[in-house]
Structure formats: structure tokens, C-alpha cells
Amino acid sequence: MSILVTGGAGYIGSHMVLALLEKRFEVVVLDNLSNGSAVSLERVAELTGRDATFIEGDIRDRELLDALFQRHAISDVLHFAGLKAVGESVEQPLRYFDNNVGGAVTLCQAMQSAGVRRLVFSSSATVYGEAEVVPYHEGLPLGVPTNPYGRSKLMVEEMLRDLGRADCRWSIALLRYFNPAGAHPSGRIGEDPQGIPNNLVPFITQVAVGRREALSVFGNDYPTPDGTGVRDYIHVMDLVEGHLAAMQAIAERPGISVWNLGTGRGYSVLDMVHAFEKAAGCTIPCHVGPRRSGDLAQYWADATKAERELGWRARRGLEAMMADAWRWQVSNPAGYAS
Ligand code: NAD
Ligand code: UFG
């Protein structure tokens, strides 16, 4: 049996493929390369000494999916494929709903007709909306995300819950990521955003290699210890290990399961800058700019449910996250195009 990884040529997906191959799983990757790179999979092969089967194609292509499920005996689907740029989603909502929601519908239809009913979905802490209690725990009511990207994640969660209610043969994990960061410790695979990075850590690493002049800190007047936004940054290798644990758990757990994947600790923007400067031995030029619209002051995960039910918790700290992010960026200053 094989594991299908949609979006497996992207940032988190490529680290997932590596972890699966290391655990001796057979892996099929489906990715349309809209934001991923086939080079990442070549590097994964070089690191693991094993190959995933790569299919370049789109999760919205029903014929392709039917052929894929016919050709490969798939036991589980890890569904990472999606568009994720918040600002872009505000400008192009239809593209986001088509890709993220339409894509998930087509994928589930193809799974259903192939009799594959184990799915792990990449959700996000964005589904908590603007909840005022921190830390966020899975029992909180779903919130109102502030942008179309967030709403697409919420809609897919709702659709999957309905699917699980309608047919108890489905086993579905909704994994709510907090802020993934870092890279594989080899420095061979990592995050390679196209254009100007939206996220904090790739922006910092690109400043450090001279691709950007300075970091703009989006507001320093939040009600947080140093005035800058606080988030729960989780090492990408911890995150993928959380998926392995969830995949194993839902094999014996029909229905819908929801787990936060975070560390349970928050760090401010300035904490992150200082941790990076320490890891990389350089100074990051920063200036304080206005708040970014839609940003919340602070949130982090209550990560105890995953620990209790999956026996998983994040093991890597900020130091490793920053050292690994830096190793990847400095050895690949232009990402996979280096
Ligand atoms: P990424 O953009 O690096 O990876 C997504 C991959 O999916 C890319 O390789 C892209 O080419 C592929 N893809 C997109 N649409 C596709 C389609 N229609 N058909 C086939 N392939 C398609 O993003 P990532 O950071 O690795 O995120 C993976 C998942 O995790 C996404 O669903 C994202 O929304 C979710 N997530 C990410 C974060 C984060 O901060 N990185 C946080 C919460 C949730
Ligand atoms: N920040 C800056 N300057 C930058 C980039 C970010 O100061 O150039 C700050 C933000 O204001 C925020 C923190 O750094 O306080 C983290 O911002 P990110 O953009 O890295 O991450 P977000 O928390 O905004 O969003 C992330 C994912 C979303 C996901 C959300 C839910 O990018 O996909 O987490 O947890 F929906």
C-alpha cells in the first residue's frame, strides 16, 4: 500500500515525503507545481536513498485522480495541496475557493469512489478566527476567519465533518497548524516562497542573505510583552512527525478527529529576530511599520490533546528552528533555483 501526498513538492509536503520514505512507506506525490518544485523531491531522494512516485497534476482533475487510484493501491491521503497566501486570497477569492475547496471536493469524490477513506487534512489555526482566549484549544467554537484563505480552510473542515457524519467509514484528521518554520537539518530542503515572503521567518532569512534590505515589523503597539505580535512557531520536522502520529491514530479511529499542531509556547516578532541573530551570527536590520490588516495580537496552541491522544509533542526549540532555517537559506540563497 502507498500513501498519497498531495502538494508533496511544497514546503511542508516535501518534508513529509522525506519522513514517510525514511519510515519505509511507499509514497505517491501529486502536485501541480504551482508553488512547489520538483527539485525538492530530487533532494528528498538524495537524502533518503529512496524515490517517491511523482505525478505532476492537479487535485481538481477527476480523471487523473481516478487513474491514480486505479494504478496505485493507496491506503491514506495526506492532503497538503492548496494555495496559502492570505493577501492574494483577498484579491483572487474565486481562485482560492476553486483550488482549496473545489480541489478538496474533487479529491474526496475520487477517494470515495476508489474506496479510500483515510484522510489527513492540513488545516490552520486560522479557523479559530479572532478567539480572545489563549491558548487555543480544539474545543473552542469555530471562529470567523478574516480572509478568503482562512474561510477556505474552514469550509473544507465543515465539508469533511459532514462527510464523516454521512458515512462512518471515513477516518479524517483535521490538523490545525500554528506557524510552521525551519527546515530539514541537512539544509537541502526548506521553504522557498515565490516573490516577497508573506511569513516572518523566510523574510528574516532572505534579509540575512541580502535578498531583502530590512524586516518591517508589523506594529509594536500590541498588548504583548514587547508590543509585537506573538505566535506559536513549530519546527517543520516536528509538524510532519505529528502527521505520522495522526495517520497511525486514525487507522483505528473512525470519524473526525481534530488536533492542534503547535508547541504550546508563543514568541514575539522581536524574540524571533533575536533568536535568528544568535543562530546565524548576524544582525537583521529592522524598522517598525504599521500593523498588517487582519493580524491578531497574540495566540498560541494548547497542544495537550495531541500529546494525550497521539503521544506526540514538538521536541525542537527555537534555536534548532532558526539554525535549520538559516542552514537552508545560506546554502540555497535563491531557494531551489540556486
Ligand atoms: P506550499 O505552497 O509550499 O505547498 C503546497 C503545494 O501544493 C505546492 O507544492 C503547490 O504546487 C501544490 N498545489 C497547490 N494547488 C494544487 C492543486 N490544485 N493541485 C495539485 N497541487 C497543488 O505550502 P505549505 O506551506 O507546504 O502548506 C501546505 C498546506 O498546509 C497548505 O494546505 C497550507 O494551506 C497549509 N498550512 C500552511 C501553513 C504555513 O504557514 N505554511 C499554515 C497553516 C496551514
Ligand atoms: N510579521 C512581521 N513582518 C513580516 C511578516 C510577519 O512583523 O514581514 C509578523 C506578523 O505581523 C505576525 C508574525 O510576524 O505577528 C507572524 O506572521 P506570519 O505572516 O509569519 O504568520 P501569521 O501568523 O500571520 O499566519 C500564519 C500562516 C497562515 C495561517 C496562520 C494561522 O501564514 O497561513 O498562520 O495560524 F493561516
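We now turn to the structure provided with this report. Starting from 1, residues in each chain are numbered consecutively following that chain's sequence as written. Chains carry letters and ligands carry numbers; both start at the beginning, A for chains and 1 for ligands, and go up in the order they are written. In keeping with the predicted nature of the model, local features appear solely for residues at pLDDT of at least 70, side-chain atom pairs appear and are counted solely at 80 or more, and the whole-chain, interface and lining totals rest on all residues. For the side-chain quantities, the full set of heavy atoms in the structure was used; hydrogens and water were omitted.

This brings us to the site of ligand 2. Put simply, a residue is near a molecule or strand once any heavy atom of it comes within 4 Å of that molecule or strand. In the region of ligand 2, 19 residues are neighbours, and Asn199, Ser216, Arg231, Arg292 and Asp295 sit closest. Whenever a nitrogen or oxygen atom comes within 3.5 Å of another N or O atom, the pair is scored as a polar contact, on the condition that within protein one atom can donate a hydrogen and the other can accept it, and that pairs from neighbouring residues in sequence are kept only if both atoms are in side chains. Take Asn198: an N or O atom from its main chain is 3.3 Å from an oxygen atom of ligand 2. Measuring from an oxygen atom of ligand 2, one finds a backbone N or O atom of Leu200 at 2.9 Å. The fraction of the free accessible surface of ligand 2 (690 Å²) that becomes covered by protein chains is 90%. Methods summary: accessible areas were calculated by the Shrake-Rupley approach with a probe of 1.4 Å, and residue burial reflects only the protein chains presented.

An order of 3-2-1-4-5-6-11 is seen for the seven strands of this open sheet, with the pairing classed as parallel. Each of the sheet's edge strands pairs with one partner strand only, and the pair in question is strand 3 (53-56) and strand 11 (255-261). Between one strand axis and the next, the sheet turns through 20 degrees on average, direction left out of account. We call two residues in contact when some of their heavy atoms are within 4.5 Å. Axes here mean lines fitted to C-alpha atoms, for a helix over just the part in contact, with angles spanning 0 to 180 degrees between N-to-C directions. The numbering of helices and of strands both runs from the N terminus, where a helix is a DSSP run of H or I of at least 4 residues and a strand a run of E of at least 2. Helix-sheet contacts for helix 8 (residues 236-250) involve strand 1 (2-6), strand 4 (74-79), strand 5 (118-124), strand 6 (171-177) and strand 11, and the interaxial angle to strand 6 is about 160 degrees. When DSSP locates at least two bridges between a pair of strands, those strands are taken to pair.

In terms of strand pairing, strand 2 (residues 26-31) meets strand 3 through four bridges, oriented parallel. Its bridge partner being in strand 3, Val28 is matched across the sheet by Thr53. Here a crossover is taken to be right-handed if, once the strands point away from the viewer, the path from the first strand over the helix to the second is traced clockwise. The β-α-β motif built from strand 2, the intervening helix 2 (residues 38-48) and the parallel element strand 3 has right-handed crossover chirality.

With that settled, the discussion passes to the site of ligand 1. Residues in close proximity to ligand 1 total 27 residues, the closest being Ile12, Asp31, Asn35, Lys84 and Tyr149. Between ligand 1 and Gly10, the relevant distance is 3.2 Å, taken from an oxygen atom to a main-chain nitrogen or oxygen of the residue. Within the side chain of Lys153, one N or O atom sits 2.9 Å away from an oxygen atom of ligand 1. Secondary structure elements with two or more residues in the shell around ligand 1: helix 1 (11-22), strand 5 and helix 6 (148-166). The greatest single-element share of the shell around ligand 1, amounting to three residues, is contributed by strand 5.

Here we come to the pattern of salt bridges. Should a side-chain nitrogen of Lys or Arg be within 4 Å of a carboxyl oxygen of Asp or Glu, the pair is scored as a salt bridge. Applying the stated criterion to the full structure yields 23 salt bridges. One salt bridge in this structure joins Asp66 and Arg62, with 3.0 Å as the shortest N-O distance. Pair noted here: Asp66 and Arg62 are both in helix 3 (residues 62-71), with a separation of four residues, about one helical turn. The classification of residues rests on relative accessible area computed with a 1.4 Å probe and restricted to protein chains. Under 20% of the type maximum is buried, over 50% is exposed, and intermediate values are partly exposed. Look at Asp66 and you get partly exposed, because its relative accessible area is 30%. For Arg62, a relative accessible area of 31% corresponds to the partly exposed category. Between Arg315 and Glu241 there is a salt bridge, with its nearest N and O atoms 3.2 Å apart. Of this pair, Arg315 sits in the loop between helix 10 (304-310) and helix 11 (318-331) while Glu241 sits in helix 8, and the two are 74 residues apart along the sequence. Exposure remark for Glu241: the relative accessible area of 23% places this residue in the partly exposed category. Through salt bridges with shared partners, a single network forms among Glu157, Glu158, Arg161 and Arg176.

We now examine the nonpolar core. What is meant by a nonpolar core is a set of buried Ala, Val, Leu, Ile, Met, Phe, Trp, Tyr and Cys residues, joined one to another through side-chain atoms within 4.5 Å. Formed by 41 residues in total, the largest nonpolar core has its most connected members in Leu20 and Leu78. Breaking this core down by element, the ones donating at least two residues are strand 1, helix 1, strand 2, helix 2, strand 6, helix 8, strand 11 and helix 10. Here the element with the most residues in this core is helix 8; it accounts for nine residues. Not counting chain neighbours up to four residues away, the residues in contact with Leu78 comprise Ile3, Leu4, Val5, Thr6, Met16, Leu20, Val120 and Met247. Ranked by size, the runner-up nonpolar core spans 27 residues in total, among them Leu30, Leu65, Leu68 and Leu107.

Now for the packing of aromatic side chains. Pairs were defined over the aromatic rings of Phe, Tyr and Trp, the Trp ring being its six-membered one, requiring ring centres within 6.5 Å. Orientation was assigned from the angle between planes: stacked under 30 degrees, edge-to-face over 60, tilted for the rest. The final tally for this structure, using the stated rule, is six aromatic pairs. Aromatic side chains Tyr136 and Tyr299 sit 5.1 Å apart centroid to centroid with 5 degrees between the ring planes, which places their arrangement in the stacked category. In this pair, Tyr136 is assigned in the loop between strand 5 and helix 6 and Tyr299 in the loop between strand 13 (286-289) and helix 10, connecting sequence segments 163 residues apart. Tyr299 carries the same exposure label as Tyr136, and that label is buried. Put simply, the rings of Tyr128, Tyr136, Phe178 and Tyr299 pair up and form one aromatic cluster. When the ring centre of Tyr222 is taken as origin, the NZ or CZ atom of Arg291, which lies over that ring, is 4.0 Å away. Here, a charge over a ring means that NZ of Lys or CZ of Arg falls within 6 Å of the ring centre while also lying within 35 degrees of the ring normal.

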